[in-house]
Amino acid sequence: MRNRLRSLLTMLGIVWGLVSVVILLAYGQGLGRSVLHAFLNMGDNVIVVMHGQTSMQAGGQRAGKKVTFDYEDVQAVREEVPIVRAVSAEVNRNLAFKVGTRVVSIKVRGVDLPYGKMRKLDIADGRYFNEGDFGDHSRVVILGSIANQRVFQGAQSVGQSVSIGGLEFQVIGVLRNKIQDSSYNGPDNNDGFVPFPVYRELKNIRAPDLFIIQPTAPELNKKALAAVREVLARRHHFDPKDEKAIPVWDTIEDRNMIDGFSFGLQAVLGLIGAVTLGVGGVGVMNIMLVSVTERTREIGLRKALGARRWQVLTQFLLEALVLTFAGGLIGIGLAVFLTWVIPPMPLYSALYKTADHEGDIFLHASSLVIAVSFVILALVGVVSGFFPALKASRLDPVEALRYE
């Protein structure tokens, strides 16, 4: 209280450091959340199983044999692997869409009923496929948002007819504009989707290009994949340990990698903020050392009157902690205010033309970020206050009383 301006300037360093920690951690958290959201829009804990070529001899078969799927493989996996919740075949080709006199080429995917939920095909207008569409071989199609724009150019499409490969189809749904930062055959926004049985009639294609599986729990991905390999190896006579026979894309493993990237990014940004906060702590330590020097006679008098070393140490340590945490509380309040007023930072919205800044980086001072910031602040406060307090507690009272 005797040195208000000096105390205020000292707290200012703490305020700046804590704002840096909170803002940087909030940015890292927001960036990681946006990137993970864009990646996971490809599918909900799915594994893509593709046909390949054997690299090991097995069952009298030579290495180098091509492995191709048939629809019975999909049914076998569905029936024989209980830890697989859902399975869908998939085949895709570029086909001509004709409306009136206008013709455009759109990639069309033939899929099974579970595909939409597995691959997060959210409907913006109309409906998704139902069991009757597959049982009756209904000629119906669902269009991605960009595909819909290309075919109908902004006109109402749901309920309209479109010629695909020379056959008439009815548009029953349009997908929501989807932020998708991962794919294996291009973004879903650009494609059309039809029931797999209808696709077989359309192009006379009997075998799927690949199929998608979804384990009953994310942690069972490796066990489910091993069981699927066993089924396919038995049916196609290759070694189940031969990974090149059926290459896979395990999005569950990739999610773990993205989580690791997000954690690493937050750790680096948090370290930068902690260093900035540490600079403020150095300021506190410097001021407290000056305070010890200025109050040497006071310390000597206290010790001459019976004050113990731990009492002197506690007094100066508490003074440092008061400066640190007072600045910290102001810093937290300012940081929360800034995360509230700073607008979302562009990331995916410009590319995907989304509304309400979907896919952008939002700063949010979560309770975890604030808790981590306070832990760092406490460490800074204790370290910056301990050494000046220790110096004060070790002063000899006789020498301190003689100090001018």
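Everything discussed here concerns the structure shown above.
Note that the structure is a prediction, hence the values are computed from the model and not measured.

S.K.: So, the nonpolar core: which residues are in play, and what are the values?
M.R.: Core analysis: the biggest nonpolar cluster contains 44 residues, and Phe-97, Val-162, Ile-164, Phe-211 and Ile-213 have the highest contact counts within it. Among all residues touching Phe-211, those that are not within four sequence positions of it are Ile-47, Val-48, Val-49, Phe-69, Val-74, Val-77, Val-87, Ser-88, Ala-89, Glu-90, Val-228 and Leu-232. Ranked by size, the runner-up nonpolar core spans 32 residues in total, among them Ile-23, Leu-277, Val-292 and Leu-390.

S.K.: Got a sec to walk through the side chain of Lys-65? Specific residues and values, please.
M.R.: Inspection of the secondary structure assignment puts Lys-65 in the loop between β1 (47-50) and α2 (71-80). Lacking a salt bridge, the buried Lys-65 has Asp-242 as its closest oppositely charged neighbour, with an N-O distance of 9.3 Å. Here His-236 takes part through its backbone oxygen, which lies 2.7 Å from a polar atom of the side chain of Lys-65. Aside from chain neighbours lying at most four places away, what touches Lys-65 is Gly-52, Gln-53, Thr-54, His-236 and His-237.

S.K.: How would you summarise the environment of Gly-100 if you had to cite specific residues and measurements?
M.R.: Looking at where Gly-100 falls in the secondary structure, it is placed in the loop between β2 (84-99) and β3 (102-111). For the pair formed by Gly-100 and Val-228, sequence separation is 128 residues and the distance between their alpha carbons is 46 Å.

S.K.: Describe in detail the packing of helix α1 (residues 4-40) against helix α12 (residues 367-393), supporting the description with residues and values.
M.R.: The contact between α1 and α12 brings their axes to 10 Å, and the two run at 145 degrees. You can see that α1 and α12 cross each other, and the crossing is right-handed. In this structure, α1 uses Ile-14, Leu-18, Val-21, Val-22, Leu-25, Ala-26 and Gln-29 to contact α12, whose residues at the interface are Leu-368, Val-369, Val-372, Ser-373, Ile-376, Leu-377 and Val-380. Looking at the contact of α1 with α12 residue by residue, the classes come out as 12 nonpolar, two polar and no charged.

S.K.: Can you break down the packing of aromatic side chains residue by residue, with the values?
M.R.: Under the defined criterion, the tally for this structure stands at 10 aromatic pairs. Ring geometry for Tyr-71 and Phe-196: centres 5.2 Å apart, planes at 20 degrees, overall stacked. Separated by 125 residues along the polypeptide, Tyr-71 in helix α2 and Phe-196 in helix α6 (residues 196-203) bring together distant segments of the chain. The structure contains a cluster of three or more aromatic residues connected by ring pairs, namely Phe-39, Tyr-184 and Trp-249. Over the ring of Tyr-184 we find Arg-109, and its NZ or CZ is 5.4 Å from the ring centre.

So, how was this worked out
Residues numbered from 1 in each chain as written. Predicted model: local features only at pLDDT ≥ 70, side-chain atom pairs only at ≥ 80, totals over all residues. Heavy atoms only, no water. Core = buried A, V, L, I, M, F, W, Y, C linked by side-chain atoms within 4.5 Å. Buried < 20%, exposed > 50% of the residue type's maximum accessible area, 1.4 Å probe, protein only. Contact = heavy atoms within 4.5 Å. Helix = DSSP H or I, 4+ residues; strand = E, 2+ residues; numbered from the N terminus. Lys, Arg positive; Asp, Glu negative; His and termini not counted. Salt bridge = Lys/Arg side-chain N within 4 Å of Asp/Glu carboxyl O. Polar contact = N/O pair within 3.5 Å; in protein donor to acceptor, adjacent residues only side chain to side chain. Axes fitted to C-alpha atoms, helices over the stretch in contact; angles between N-to-C directions. Left-handed = near helix turned anticlockwise from the far one by under 90°. Nonpolar A, V, L, I, M, F, W, Y, C, P; charged D, E, K, R; others polar. Phe/Tyr/Trp six-rings, centres within 6.5 Å; stacked < 30°, edge-to-face > 60°. Lys NZ or Arg CZ within 6 Å of the ring centre and 35° of its normal.

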